[in-house]
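Summary of structural features
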Amino acid sequence: MNYWLMKSEPDEFSIRDLAARPQQTEGWHGIRNYQARNFMRDEMKVGDRVFFYHSSCKVPAIVGVAEVASHVYPDSSAWDPESDYFDPKSSPDAPRWLQLDIRFVKEFAKPVTLTAIKSHPGLADMLLVQKGSRLSIQPVDDIHWKLIHQMAGESL
DNA sequence: GCCAACGTTGGC
DNA sequence: GCCAACGTTGGC
């Protein structure tokens, strides 16, 4: 099993929004970056665990855990002209963008803030804190997965 | 709102 | 295939 981190702006879609969805599951649409898409397509497996990260907000932080709940399938928002994620180069015949389903697992009582992550020596090589790392989906090392659970006071 | 660091686009 | 211009991300 692999571990991942997925970013979301809480003003757009927070971990509580995920928990409130039917089956606590949401199609993770809107990914428009090839590297992130390829992770979903090639490496993410049903059952993989995911850190849910709140970005572009007052206190950026890992706020909980979700899991991969489906394989990839076409992201239909790409061919919806009304959608913020519309991409004229994608079509039902030749889908350029993909999504998969993410299911809520738990919300941390104590989120692990970006500040805390940056100040912990054991997390210095985490992708999230590498300079210029803007990937909205990124792999997480086992060691970092465990350490962040410890910092959150959560069991694995 | 600023801006550094990227990714994408398109002319050549 | 190069690279300048442009758009986006995301912390601060």
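Residues numbered from 1 in each chain as written. Chains lettered and ligands numbered in written order. Predicted model: local features only at pLDDT ≥ 70, side-chain atom pairs only at ≥ 80, totals over all residues. Heavy atoms only, no water.

For chain A, an unreviewed UniProt entry supplies the name EVE domain-containing protein and the organism Shewanella litorisediminis.

**Quick word on the overall build of chain A**
Put simply, the test is: Working definition: helices are DSSP H or I runs of at least four residues, strands are E runs of at least two. Numbering for both runs from the N terminus. The atom set for the radius of gyration is the C-alpha atoms, and the globule formula is 2.2 Å times the number of residues raised to the power 0.38. Only protein chains enter the accessibility calculation, which uses a 1.4 Å probe. A residue is then buried if its area is under 20% of the maximum for its type, exposed if over 50%, and partly exposed in between. We call two residues contacting when some pair of their heavy atoms lies within 4.5 Å. We get accessible surface area from the Shrake-Rupley algorithm with a probe of 1.4 Å; when it comes to residues, only the shown protein chains can shield them. The positive count covers Lys and Arg only, the negative count covers Asp and Glu only, and His and the chain ends enter neither. We put the charge of a Lys on NZ, of an Arg on CZ, of an Asp on CG and of a Glu on CD.
Scanning chain A from terminus to terminus reveals four helices and eight strands. Starting at the N terminus, the α and β elements of chain A follow one another as β-α-β-α-β-β-β-β-β-α-β-α. Computed over the C-alpha atoms, the radius of gyration of chain A is 15 Å, within 12% of the 15 Å expected from 2.2 N^0.38 for a compact globule of 156 residues. Principal-axis analysis of the C-alpha atoms places the extent of chain A at approximately 45 × 35 × 30 Å. A buried classification covers 44% of the 156 residues belonging to chain A. Long-range pairs, those at least 24 residues apart, make up 72% of the contacts in chain A between residues at least 6 apart in sequence. Summing over all exposed atoms, chain A offers an accessible surface of approximately 8500 Å²; the carbon and sulfur share of this is 48%. For chain A, the distance from the average site of its 18 positive side-chain charges to the average site of its 21 negative ones is 6 Å.

**Quick word on the protein's contact with DNA strand B**
For clarity, the threshold we go by: We call a residue near a given molecule or strand whenever any one of its heavy atoms falls within 4 Å of it. Nitrogen and oxygen atoms within 3.5 Å of one another constitute a polar contact, given that in protein one can donate a hydrogen and the other can accept it, and given that sequence-neighbouring residues count only through two side-chain atoms. Just so you know the grouping, Ala, Val, Leu, Ile, Met, Phe, Trp, Tyr, Cys and Pro go in nonpolar, Asp, Glu, Lys and Arg go in charged, and all remaining residues, Gly too, go in polar.
Near DNA strand B you find Tyr34, Lys89, Lys131, Gly132 and Arg134, and these make up its full shell. When atoms of DNA strand B within 4 Å of the protein are split into backbone and base, the sugar-phosphate part holds 70%. For DNA strand B, a phosphate oxygen lies 3.4 Å from a polar atom in the side chain of Lys89. Within the side chain of Arg134, a nitrogen or oxygen atom sits 2.7 Å from a base oxygen of DNA strand B. Broken down by class, the residue content of the surface near DNA strand B amounts to one nonpolar, one polar and three charged.

**Points about the pattern of salt bridges**
As a reminder of what qualifies: Between Lys or Arg on one side and Asp or Glu on the other, a salt bridge is scored when a side-chain nitrogen of the former is within 4 Å of a carboxyl oxygen of the latter.
The tally for this structure, following the rule as stated, stands at seven salt bridges. The partner of Arg49 in a salt bridge is Glu67, with the nearest N and O atoms 3.6 Å apart. Here Arg49 is found in strand S3 (residues 49-54), whereas its partner Glu67 is found in strand S4 (residues 61-68), with 18 residues between them in sequence. The exposure class of Glu67 is buried, given its relative accessible area of 14%. Members of the salt-bridge network, linked through shared partners, are Arg49, Glu67 and Arg103.

**Here we look at the protein's contact with DNA strand C**
Around DNA strand C sit Lys7, Tyr53, Ser55, Ser56, Pro60, Leu114, Lys118 and Arg134, and that is every residue in its neighbourhood. Within 4 Å of the protein, the contacting atoms of DNA strand C are 80% sugar and phosphate, with bases supplying the remainder. Between a phosphate oxygen of DNA strand C and a side-chain N or O atom of Lys7, the distance comes to 2.8 Å. With respect to DNA strand C, the side chain of Tyr53 contributes an N or O atom lying 2.7 Å from a phosphate oxygen. Looking at the surface near DNA strand C, its residues break down into three nonpolar, two polar and three charged.

**So, the packing of aromatic side chains**
Going by this rule: Each Phe, Tyr or Trp ring, with Trp reduced to its six-membered ring, pairs with another whose centre is within 6.5 Å; inter-plane angles below 30 degrees give stacked pairs, above 60 give edge-to-face pairs, and intermediate values give tilted ones.
The final tally for this structure, using the stated rule, is seven aromatic pairs. Aromatic side chains Tyr3 and Trp145 sit 4.3 Å apart centroid to centroid with 15° between the ring planes, which places their arrangement in the stacked category. Taken together, the residues span a long stretch of sequence, with Tyr3 in strand S1 (residues 3-8) and Trp145 in helix H4 (residues 142-152) at a distance of 142 residues. Summarising the burial analysis for this pair, Tyr3 and Trp145 share the class buried. An aromatic cluster is built from Tyr3, Phe51, Phe108 and Trp145, whose rings are joined through pairwise contacts.

**Thoughts on unusual backbone geometry**
Residue Gln23 is not a glycine yet carries a positive backbone phi of 60°. Along the chain, the position of Gln23 falls in the loop between helix H1 (15-20) and strand S2 (25-27). One non-glycine residue, Gln24, lies in positive phi territory at about 50°. Relative to the elements of secondary structure, Gln24 occurs in the loop between H1 and S2. Taking relative accessible area as the criterion, Gln24 reaches 33% and is therefore assigned partly exposed.

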